[in-house]
Amino acid sequence: MKSGLSFLIAARRCEIDELDRLARTSELVGVIGRLVHALQRERGMSNMFLASHGGRFADQRGPQIAECMALEQEVRAGFDQLEADDHRGAGAGNSARLFSRIAWVIPGLDALPALRRRIDALALKPQQSTAAFAKLVAGLLSVVFEAADGSTDPEISRLLVAMFNFMQGKEFAGQERAFGAAALALGRSDEAQRLQWLHLIESQERCFQVFTDFSGQAVLALWRNSQPDAEVAELERIRRRGATSAPADVPLSQAWFDCCTRRIDAMKTVEERLAAVLRALCEHKTAQARSELQDYRQLLDTLAPQAGARALFFDDADAQAAAPARLGRHLERSVLDMVQEQSHRLQAMSDELETVRASLNERKIVERAKGLLMAHRRLSEDEAHKMLRQTAMNQKRRLVDVAESMLAMADYLPMLDRAPAR
C-alpha cells in the first residue's frame, strides 16, 4: 500500500512535468516574438514599397522575407511539438483553446507567399497590406495570450503576461508606424484620422503599463534606457505634426518611419531580454523541483511506511515506539512539514495565479463582446472588432469599457430571425 509520501512524490512529478511543458511553451513564445518582429519589419518595408510604387525598399525586402520564412519554420516546428506533447498526455490544461488559436494561424502563414506575390506586383494598397499582416500578427499574439492564460505557475505566468502585453504594445507601435507614414505621405488629416492615431497611442500605453506592472527591475531598467529623451521628443514632434492638416511631406514620412523603426528595434532588445529571463526562470524552477523530488525519494527509502505514517498523523506514543529508533522524531515530523509546506505553497500559487490572470480578463471581455456582435449583427470578427474600436474612439472610452457596456445589454439585444427551415 502506498504511503502519503509516495503521493507527495507523485504530486512533485506532476509539477515537474508541468514545468517542462511551460519551458517548451515559453521557448515557443520567444520564437513567436522573433517571427512577429520580422513580420513587422517586412510589413513596414512592404508598405513603403507599395506607397512608392516599387521605388523604395525593393532590395531590402528579399533578405527580410528570407528571415521571416526561416522563423516561420521554427514556429511551425514548435506548434508540431505542442501537438505531439498533447498526444503523450503532456498537453496544457487549456489545450483546446490553444490549438484553436494555432488552427486559425496556420492558414495565415500558408497565405503569406500569395500576399508577397501581390505586393511584388503592386496589386495592393498599403492599407490592404497592413491589414493582412496585422491579422496574422494578431493571430500569433493570441497564441501567446493562451500560453499566458494556461500557465499554472504564478511567477512564470507573470512573465508571460508581461511578454504578451509588451508584444501587443509593440504591435500597436508597428501599426502606428504604418499609419503615420501613410498619413504624412498623403498629407490629409481629419478628425477620424486624428482619433485613429490617438487610439493607437493609447493602446500602446495601456499595454506597456501592464508590462511594467508585471516585469522585474532589470527588464524595466533596460526598457527605460531603450527610450532616449531625444528619440521620444522626435517621436512626439512628428506625432503633433501628423495631427494637423498639411500638404504631403514625403521626407517627413521617411523621418517618421526611421524614428519608429529605431524605437521598435529597441523594443526587440527588451523583448529578447524578457524571453531570456523567462527561460532562466523555467530552468531554475525545474532544477529546484527535481532536487526536492530527489530528497523526497531518499526520505521514502528511509522511512518505514506503516509505523512512520501512524506516528506522523496521530502523533500517538505506541506508533512512535513502533517507528525505527534510528529515524528520530525530527525525521518523522519533517515529512509532515513537507506535506504542509506543499499544501501552503500550492494554495499561495493558486491565489497569486488568480491575481495574475485578472490582468488577462480585459481581452476576454473584448472577445466576448465581439462574439455577441457577430451573433446579433452577422458580422465577421474583423467587422465586430472595428465596430467596437470605432465606438470606443467616438465615445472617447476604453475598448474594454465599451465591451463591458455591450455585454451588460446582451439580454436586450434583438435576436436575428432564423432562416426558415427547408
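Structure shown above.
Next up on the list: the overall build of the protein. For the protein, the count of helices and strands is 16 helices and zero strands. The burial tally for the protein puts 46% of its 422 residues in the buried class. Of the contacts made within the protein by residues no fewer than 6 positions apart, 78% connect residues no fewer than 24 positions apart. Accessible area for the protein stands at about 21,400 Å²; split by element, carbon and sulfur atoms hold 55% of it.

Further remarks concern the nonpolar core. Counting residues in each nonpolar core, the largest one holds 66 residues, and the members touching the most others are Ile32, Leu39, Phe79, Leu140, Ile156 and Phe211. When residues of this core are assigned to their parent elements, the largest contribution, 15 residues, is made by helix 1 (residues 4-51). Every residue in contact with Phe211, bar those within four places of it in the chain, is listed here: Ala162, Asn165, Phe166, Val219, Leu220, Trp223, Val270 and Leu274.

Let us now look at the packing of helix 5 (residues 126-149) against helix 6 (residues 154-186). Closest axis-to-axis distance for the helix 5/helix 6 pair is 9 Å, and the angle between their directions is 170°. With respect to helix 6, the element helix 5 is oriented roughly antiparallel. Taking contact as the criterion, the partners of Thr130, Ala134, Val137, Leu141, Val144, Phe145, Ala147 and Ala148 in helix 5 are, on helix 6, Ser157, Leu160, Val161, Phe164, Met167, Gln168, Glu171, Gln175 and Ala178.

In this section: the side chain of Ser26. On the secondary structure map, Ser26 appears in helix 1. For Ser26, the side chain forms a polar contact with the main-chain oxygen of Leu22, separated by 2.8 Å. Excluding residues within four positions of it along the chain, Ser26 makes contact with Ile156, Leu160, Leu278 and Cys282.

Our focus in this paragraph is helix 15 (residues 381-395). Relative to the 21 Å expected for 15 residues at 1.5 Å per residue, helix 15 spans 21 Å between its end C-alpha atoms, a close match to the ideal helical length. Taken together, the buried positions of helix 15 are Ala384, Leu388, Ala392 and Met393. Buried positions along helix 15 lie against helix 7 (191-214), helix 14 (361-377) and helix 16 (399-408). One or two residues past the end of helix 15 sits Lys396, with phi positive at roughly 55°.

Conventions used here
- Residues numbered from 1 in each chain as written.
- Predicted model: local features only at pLDDT ≥ 70, side-chain atom pairs only at ≥ 80, totals over all residues.
- Heavy atoms only, no water.
- Helix = DSSP H or I, 4+ residues; strand = E, 2+ residues; numbered from the N terminus.
- Buried < 20%, exposed > 50% of the residue type's maximum accessible area, 1.4 Å probe, protein only.
- Contact = heavy atoms within 4.5 Å.
- Areas by Shrake-Rupley, 256 points an atom, 1.4 Å probe, with all protein chains shown as cover.
- Core = buried A, V, L, I, M, F, W, Y, C linked by side-chain atoms within 4.5 Å.
- Axes fitted to C-alpha atoms, helices over the stretch in contact; angles between N-to-C directions.
- Parallel < 35°, antiparallel > 145°, perpendicular 65-115°, else oblique.
- Polar contact = N/O pair within 3.5 Å; in protein donor to acceptor, adjacent residues only side chain to side chain.
- Expected span 1.5 Å × (residues − 1).

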